[in-house]
Amino acid sequence: MGHTPLLMAGSPGWTEPATAGHTAAGDAWGRGSGQSTAYALAFTRTPGFQTPSEFLENPSQSSRLTAPFRKHVRPKKQHEIRRLGELVKKLSDLTGCTQVVDVGSGQGHLSRFMSLGLGLMVKSIEGDQRLVERAQRLDQELLQALQKEEKRNPQVVHTGPRHCPHHVVRWVDPTALCEELLLPLENSPQSEARLLLTGLHACGDLSVALLRHFCRPEVAALASVGCCYMKLSDPGGYPLSQWVAGLPGRELPYRLREGACHALEEYAERLQKAGPGLRTHCYRAALETVIRRARPELRRPGVQGIPRVHELKIEEYVQRGLQRVGLDPHLPLNLAALRAHQAQENRVVAFFSLALLLAPLVETLILLDRLLYLQEQGFHAELLPIFSPELSPRNLVLVATKRPLGETFSVLETEDS
């Protein structure tokens, strides 16, 4: 894919960033008809490689990862850890970083691949003790599997010692400096430490915390993939840049930010098939009316996935949904009202589809704000689509460095052979 370097904010030739140097996005719904204004203004979500060839042989196993690295990892995550891990490795080499800090590391899949697969020194920071304990167990399981593989195949010898990630249990407060995040590992003197911060779908304000810590002198590079925009603080998490803060009408209410987190390509495919799975949003809207009637102060509670929605009657879905949000599933239901809601299914689909057309533009504004926040402080930043959007809808990585990389930025977009 052609690479267009971004100009620094305020530098000669810099213009008001409607598209910030990126080509217009013509993806899921733009083909075959005139591109909407929203698509013309949005960042491209199309990566510089074709639909992942790694899953052509087996849709559940990436051919680009060996079996030990695929174990316990779903195909979507296999694709993500490989693509982001390889980008981080290239960025680390380009910037001379001595240590990678994976913030919000969860079960440690990305950290394991970067450390045991790519040979990077990695510190993993996660606030959930249970996830950290599982990550440590998986580390040891993978290490043993790799050692057995080497014994079976002596010709494939790993050079140098293998280092598991160093796990730390710590909640990162988005509003405060986390000293642990900036501390080097024991075998890296603080005076010589050059850190690279990364986060794979760091939720809400956690991605913002990464940007603020990047401003510290110990940090040389950043590779951040954001997610869960509806959890951003306003103010605090958005806007960050002076430019976006000065825009009239820059406010993004919850509904817009939540819509920007949906899987556009996946929903477009569902629309084309026009199957019964489209009724999910109608059922969820009906459930919301019941929740608000039962407990008015409970707004937009998270409802964990209810399987096989299309096979359920609307009242069965509502009962299961009530139970998932902590309400009595046996509340008396107005079946006539629920049937009336269900009769509006096509209108709900049309409304949701129209709202989703704006999703790429909303995400563009949020990510553009982050990019400009870094550029306004004199840093060098770029947004790159690195995941297949069909597999991973939040596929834009914000890459930032303290010194210009010029055309070498394009190396980060390519697939390794």
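Residues numbered from 1 in each chain as written. Predicted model: local features only at pLDDT ≥ 70, side-chain atom pairs only at ≥ 80, totals over all residues. Heavy atoms only, no water.

**Here we look at the overall build of the protein chain**
Next up, step 1: When you go through the protein chain residue by residue, the secondary structure sums to 15 helices and seven strands.
Next up, step 2: For the protein chain, with 417 residues in total, the buried portion stands at 48%.
Next up, step 3: Look at the contacts in the protein chain between residues 6 or more apart in sequence, and 71% of them connect residues 24 or more apart. (Helix = DSSP H or I, 4+ residues; strand = E, 2+ residues; numbered from the N terminus. Buried < 20%, exposed > 50% of the residue type's maximum accessible area, 1.4 Å probe, protein only. Contact = heavy atoms within 4.5 Å.)

**Describing the pairing of strand β5 (residues 219–227)**
Next up, step 1: In terms of burial, β5 is a largely internal element, nine of the nine residues being buried.
Next up, step 2: Where strand β4 (residues 195–203) meets β5, eight bridges bridge the pair, whose relative direction is parallel. Among the inter-strand pairings, Cys203 is bridged to a residue of β5, identified as Cys227.
Next up, step 3: For the crossover from β4 across helix α7 (residues 205–214) to β5, the handedness is right-handed. (Pairing = 2+ DSSP bridges. Right-handed = clockwise from strand over helix to strand, strands pointing away.)

**Focus on the pattern of salt bridges**
Next up, step 1: Evaluation of the coordinates by the stated rule reveals 22 salt bridges.
Next up, step 2: Measuring nitrogen to oxygen at the nearest pair gives 3.8 Å for the salt bridge that ties Glu297 to Arg295.
Next up, step 3: Taking relative accessible area as the criterion, Arg295 reaches 31% and is therefore assigned partly exposed.
Next up, step 4: A salt bridge links Glu311 to Arg308; the shortest N-O distance between them is 2.4 Å. (Salt bridge = Lys/Arg side-chain N within 4 Å of Asp/Glu carboxyl O.)

**Considerations on the nonpolar core**
Next up, step 1: In terms of nonpolar packing, the biggest core is built from 43 residues, with Val172, Leu181, Leu222 and Leu374 touching the most fellow members.
Next up, step 2: Elements with a contribution of two residues or more to this core: β1 (99–103), α6 (179–182), β4, α7, β5, α15 (359–375), β6 (380–385) and β7 (396–401).
Next up, step 3: If near-sequence neighbours (up to four positions away) are discounted, Leu222 is found in contact with Leu91, Leu197, Leu210, Leu211, Phe214, Leu374, Leu398, Val399 and Ala400.
Next up, step 4: Core analysis: the next-biggest nonpolar cluster, separate from the first, contains 33 residues, Phe69, Val122, Ala221 and Val225 among them. (Core = buried A, V, L, I, M, F, W, Y, C linked by side-chain atoms within 4.5 Å.)

**Considering the sheet that holds strand β3 (residues 166–169)**
Next up, step 1: One open sheet accounts for seven strands, arranged β3-β2-β1-β4-β5-β7-β6; its pairing is mixed. Here the strands that pair on one side only, and so sit at the sheet edges, are β3 and β6. Averaged over all pairs of adjacent strands, the angle between strand axes in this sheet comes to 15 degrees, irrespective of strand direction.
Next up, step 2: The pairing of β1 with β4 spans four bridges and is classified as parallel. In the strand pairing of β4, Gln99 is matched with Leu195.
Next up, step 3: Sheet strands touched by helix α3 (residues 75–95): β1, β4, β5, β6 and β7. Its angle to β4, the strand with the most contacts, is close to 160 degrees. (Axes fitted to C-alpha atoms, helices over the stretch in contact; angles between N-to-C directions.)

**What to know about the packing of aromatic side chains**
Next up, step 1: For the coordinates displayed, the defined rule picks out four aromatic pairs.
Next up, step 2: Ring plane angle 85 degrees and centroid distance 5.7 Å describe the contact between Phe69 and Phe113, whose orientation is recorded as edge-to-face. Here Phe69, found in helix α2 (residues 67–70), pairs with Phe113, found in helix α4 (residues 109–117); they are 44 residues apart in sequence, far enough to count as distant. An identical accessibility class is assigned to Phe69 and Phe113; each is buried. (Phe/Tyr/Trp six-rings, centres within 6.5 Å; stacked < 30°, edge-to-face > 60°.)

**A look at the packing of helix α12 (residues 314–324) against helix α13 (residues 335–342)**
Next up, step 1: The N-to-C vectors of α12 and α13 enclose an angle of 105 degrees; their axes lie 10 Å apart at closest approach. Comparing the axis directions of α12 and α13 gives the class roughly perpendicular. Residues Ile314, Glu315 and Val318 of α12 pack against Leu335, Leu338, Arg339 and Gln342 of α13.
Next up, step 2: Of the residues that constitute the contact of α12 with α13, the class distribution is four nonpolar, one polar and two charged. (Parallel < 35°, antiparallel > 145°, perpendicular 65-115°, else oblique. Nonpolar A, V, L, I, M, F, W, Y, C, P; charged D, E, K, R; others polar.)

**Digging into the environment of Phe55**
Next up, step 1: With respect to the helices, strands and loops of the structure, Phe55 is situated in the loop between α1 (37–41) and α2.
Next up, step 2: C-alpha separation for the pair Phe55 and Pro75, spaced 20 residues apart in sequence, amounts to 8.3 Å.
Next up, step 3: Beyond its immediate sequence surroundings of up to four residues, Phe55 is in contact with Ser60, Gln61, Ser62, Pro75, Gln78, His79 and Leu391.

**Considerations on helix α11 (residues 280–294)**
Structurally, the α-helix is built with 3.6 residues per turn, so residues lying three or four positions apart point the same way.
Next up, step 1: With 15 residues, α11 should cover 21 Å at 1.5 Å per step; its first-to-last C-alpha distance of 21 Å lies within 8% of that length.
Next up, step 2: For α11, the full list of buried residues reads His281, Cys282, Tyr283, Ala286, Leu287, Glu288, Val290 and Ile291.
Next up, step 3: Contacts from the buried residues of α11 go to α10 (264–273), α12, α13 and α14 (345–357). (Expected span 1.5 Å × (residues − 1).)

**With respect to the side chain of Ser224**
Next up, step 1: With respect to the helices and strands, the residue Ser224 is situated in strand β5.
Next up, step 2: Take Ser224: its relative accessible area is 5%, and that puts it in the buried class.
Next up, step 3: Filtering out sequence-adjacent residues up to four positions away, Ser224 remains in contact with Gly199, Ser207, Leu210, Leu396, Val397 and Leu398.

Keep in mind these numbers describe shape, not what the thing actually does.
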